[in-house]
Amino acid sequence: MSAREAAARRLLGDVVSLCLQLQPSQLENYSSQDCKSQERERKRNWVALPGLVQGRKKRGILFSCISLQNIKGFAPGGKMNVVFAVKQYIAKMIEESGTGMKVLLMDKETTSIVSMVYTQSEILQKEVYLFERIDSANRENMKHLKAICFLRPTKENVDYLIQELRRPKYSTYFIYFSNVISKSNVKSLAEADEQEVVAEVQEFYGDYIAVNPHVFSLNISVCCQGHSWDQAQLSRTTQGLTALLLSLKKCPMIRYQLSSEPAKRLAECVKQVITKEYELFDFRRTEVPPLLLLLDRSDDAITPLLNQWTYQAMVHELLGINNNRIDLSRVPGISKDLREVVLSAENDEFYANNMYLNFAEIGSNIKNLMEDFQRRKPKEQQKLESIADMKAFVENYPQFKKMSGTVSKHVTVLGELSRLVSERNLLEASEVEQELACQNDHSSALQNIRRLLQNPKVSELDATRLVMLYALHYERHSSNSLPGLMTELRNRGVSEKHRKLVSAVVEYGGKRVRGSDLFNSKDAVAITKQFLKGLKGVENVYTQHQPLLHETLDQLIKGKLKDNQYPYLGPSTLRDRPQDIIVFMIGGATYEEALTVYNLNRTTPGSGLCWAVPPSTTQKGEQYPKPHPGGGSSSWRVTGTRHSTGSCSE
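Scope of this entry: the structure provided in the associated data block. Everything numeric in this text was worked out from a predicted model, so none of it was measured.

Cut-offs used in this document
Residues numbered from 1 in each chain as written. Predicted model: local features only at pLDDT ≥ 70, side-chain atom pairs only at ≥ 80, totals over all residues. Heavy atoms only, no water. Phe/Tyr/Trp six-rings, centres within 6.5 Å; stacked < 30°, edge-to-face > 60°. Lys NZ or Arg CZ within 6 Å of the ring centre and 35° of its normal. Buried < 20%, exposed > 50% of the residue type's maximum accessible area, 1.4 Å probe, protein only. Helix = DSSP H or I, 4+ residues; strand = E, 2+ residues; numbered from the N terminus. Core = buried A, V, L, I, M, F, W, Y, C linked by side-chain atoms within 4.5 Å. Contact = heavy atoms within 4.5 Å. Salt bridge = Lys/Arg side-chain N within 4 Å of Asp/Glu carboxyl O. Axes fitted to C-alpha atoms, helices over the stretch in contact; angles between N-to-C directions. Parallel < 35°, antiparallel > 145°, perpendicular 65-115°, else oblique. Left-handed = near helix turned anticlockwise from the far one by under 90°. Nonpolar A, V, L, I, M, F, W, Y, C, P; charged D, E, K, R; others polar. Patch = residues over 30% accessible without salt bridge, like charges linked within 9 Å, V, L, I, M, F, W, Y side chains within 5 Å. Areas by Shrake-Rupley, 256 points an atom, 1.4 Å probe, with all protein chains shown as cover. Pairing = 2+ DSSP bridges. Right-handed = clockwise from strand over helix to strand, strands pointing away.

Attention now moves to the packing of aromatic side chains. For the coordinates displayed, the defined rule picks out eleven aromatic pairs. Three or more aromatic residues joined by ring pairs make a cluster, and in this case those are Y89, Y176 and F204. Between K87 and the ring centre of Y118, over which it is positioned, the NZ or CZ distance is 5.0 Å.

Structure follows, in structure tokens:
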């Protein structure tokens, strides 16, 4: 191959890499400003260290600055996709390390980040044969391996890396930090690299958990003390949110919930980072700037208390999702290979197609899946009478085995959901929950709660949640009967731990705290909609409720969200309706709200919504108002540690 041909191939590779990072709308107007931005994001390595120590000049991924007007079709759907963004970062790390056997060296958090978007088998196909934790003390010397280090830029990780570089266990190190690293830390790493084993150092901004294409998380369990930020968690939340913006190439305008001091504080912190790192955020200008909307969980304390009836939400509510892993070890009679299963929309077609469907539809679809499996099964078990038969069997066996595993997994999960629904009388309890959330008949609600409190099948948790919903809805009702309900809880034997949740939820999300009116909207349009809905009836009494987020985003998309309730940070405001919206709710989110964002993305032409399940991932009623970590996926085993994935903080 001539030098000219080699150069042309390298240039083509750079073009393809750039294409994978840009949205179609960006490609149509690619300009010289993009070239300047990409130049600032050039690859950096130890050779450039003197310049890097004096001032951070080169960062990100190496691209060639050429015109791309005629190239189209990149990220799926042309919308913000956090799974796609993180996958591209991981793929680029592996690609840049070249051919040969590799080890992927991670920390507790980046293990979860990687395992959310790639299965171990997918990584193995890219010549990564070993997975290690940077904090593992028992790693062996393997000089035949290249090391790809993907780490958060924490002081602890930098110290581990310095020790690693002083006594390297691998031949070459490709170091990638998930966020901005300080100049002093870069200098310390350079000084530790006495054996010159580091090939390059880069910042790849995958500093968050990609749960679904439109949902991300930071896997922090508790972010605030009362209504004030924990400073360490404010810093982590700011880092994760700014990394998300960088990975999606968005420099947004910021709006926040005026009634929430934590929302205002976070808005100021994010703005400070954008101002400080202005070169990083100097992306191509769009006609309508993207928008970051910061909300507070306390404005809607109702949604996390409701039982859910769509597949993903039900699984999390009743079984618990932790990095897409479902613990089924307590299921009666469970087989050994099903004690823990993975539900990942990226690798499970049935789950991807059914995660937002309701319980009844799931049952019907699993029945169809089983019937399809049974039709295929006899064909796979035919006698192998010829070489052709054997060849066909070998070719089809992996697909057959995968389908068998899918059927077993979902039948088991659905069976356990059905058992819990029956055992805990959830249909009846959920109907009363929906009445408390959506209607204003105090007498009927009180009567139904008292009836269920006398039902022994209703669990202690569900009984407490009913009283919590009543306390929030009828907090200032003239006939409030909360003291009597609390007495009934105590007489029923409900623990003091659960009874204290009633006063806690009122303090956290009661009328004194809320910036919106959850139950008595004075808006004429809202009253008309509620009246018409009452005339038509509802298709499903268990899914009447819509979270406050739906109304907030609907008003935002229409350009009607009130500035006096959700002000802009700074003097600038949007004159047009936003196209790209990133929503972040302080205090945790629910899968019902994730479904709301999913539906708005489907039904609102020309807009893209990205929803944070922050900082605490998704909430379950049993741990409310303390958020519950969840979401994610993994089938990983990391060598040298006792944990299979980076676990969430409890």
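Counted residue by residue, helix α12 (residues 311-318) has eight buried out of eight residues, so it is predominantly covered. Downstream of α12 by a residue or two, G320 has a phi angle that is positive, lying close to 95 degrees.

Core analysis: the biggest nonpolar cluster contains 115 residues, and I90 and L294 have the highest contact counts within it. Looking at this core, the element that brings in the most residues is helix α5 (residues 82-96), giving eight residues. In this structure L294 touches L241, I254, R255, Y256, Q257, A263, L266, A267 and F584, once residues within four positions along its chain are discounted. Formed by 32 residues, the second largest nonpolar core is a distinct cluster that contains A429, L489, V494 and V502.

For side chains bearing opposite charge, pairing can occur when the charged atoms are close. Under the criterion given, the structure shown has 26 salt bridges. For D580, the salt bridge identified is with K250, shortest N-O distance 2.8 Å. With D580 in strand β15 (residues 580-586) and K250 in the loop between α10 (231-247) and β10 (253-256), this pair connects stretches of sequence that are 330 residues apart. Residue classification places D580 among the partly exposed positions, given a relative accessible area of 23%. Residue class for K250 comes out buried when judged on its relative accessible area of 12%. Among the ionic contacts, a cluster of salt bridges with common partners joins E109, R152, D207 and R236.

Contact pair helix α17 (residues 442-453) / helix α18 (residues 460-473): the axes reach a minimum separation of 10 Å and the direction vectors enclose 165 degrees. With respect to each other, α17 and α18 are oriented roughly antiparallel. Two packed elements cross with a definite hand, and for α17 against α18 that hand is left-handed. Residue-level inspection shows H442, L446, I449, L452 and L453 of α17 in contact with α18, the latter providing A463, L466, V467 and Y470. Along the lines of polarity and charge, the residues of the contact of α17 with α18 split into eight nonpolar, one polar and no charged.

With that settled, consider a nonpolar patch on the surface. A cluster of nonpolar side chains, namely M101, L124 and Y129, defines an oily patch on the protein surface of about 270 Å² accessible area. Note on Y129: relative accessible area 43%, which makes it partly exposed.

Among the six residues that make up strand β11 (residues 291-296), six are buried, leaving the element largely enclosed by the rest of the structure. Because side chains alternate across β11, one face comprises the buried residues L291, L293 and L295, and the other comprises L292, L294 and D296, equally buried. In this structure, β10 lies alongside β11, joined through four bridges in parallel fashion. Note that in β11 the partner of R255 across the bridge is L293. You can see the chain leave β10, run along helix α11 (residues 261-276) and come back into β11, and the turn it takes is left-handed. Here β11 runs beside β15; their pairing, made up of six bridges, is parallel.

Glancing now at the packing of α18 against helix α20 (residues 496-509). Viewed as axis vectors pointing N to C, α18 and α20 meet at an angle of 30 degrees, and their least axial separation amounts to 9 Å. Comparing the axis directions of α18 and α20 gives the class roughly parallel. Helix-helix and strand crossings are classified by hand; for α18 and α20 the assignment is right-handed. Taken together, the residues of α20 that come into contact with α18 (itself represented by E460, L461, T464, V467, M468, A471 and L472) are H498, L501, V502, V505, V506 and G509. Residues that form the contact of α18 with α20 fall into these classes: nine nonpolar, three polar and one charged.

Bringing unusual backbone geometry into the picture now. Of note, N323 is a non-glycine position whose phi angle comes to about 55 degrees, a positive value. In this structure, N323 sits in the loop between β12 (321-322) and β13 (325-327). Although it is not a glycine, N425 adopts a positive phi angle of roughly 55 degrees. Here N425 is to be found in the loop between α15 (387-423) and α16 (426-438).

This paragraph deals with helix α22 (residues 548-557). Of all the ten residues making up α22, seven are buried; the element is thus mostly covered by neighbouring parts of the structure. Of all the positions in α22, only L548, L549, T552, L553, D554, L556 and I557 are classed as buried. Looking one or two residues past α22, G559 carries a phi angle of roughly 75 degrees, positive in sign.

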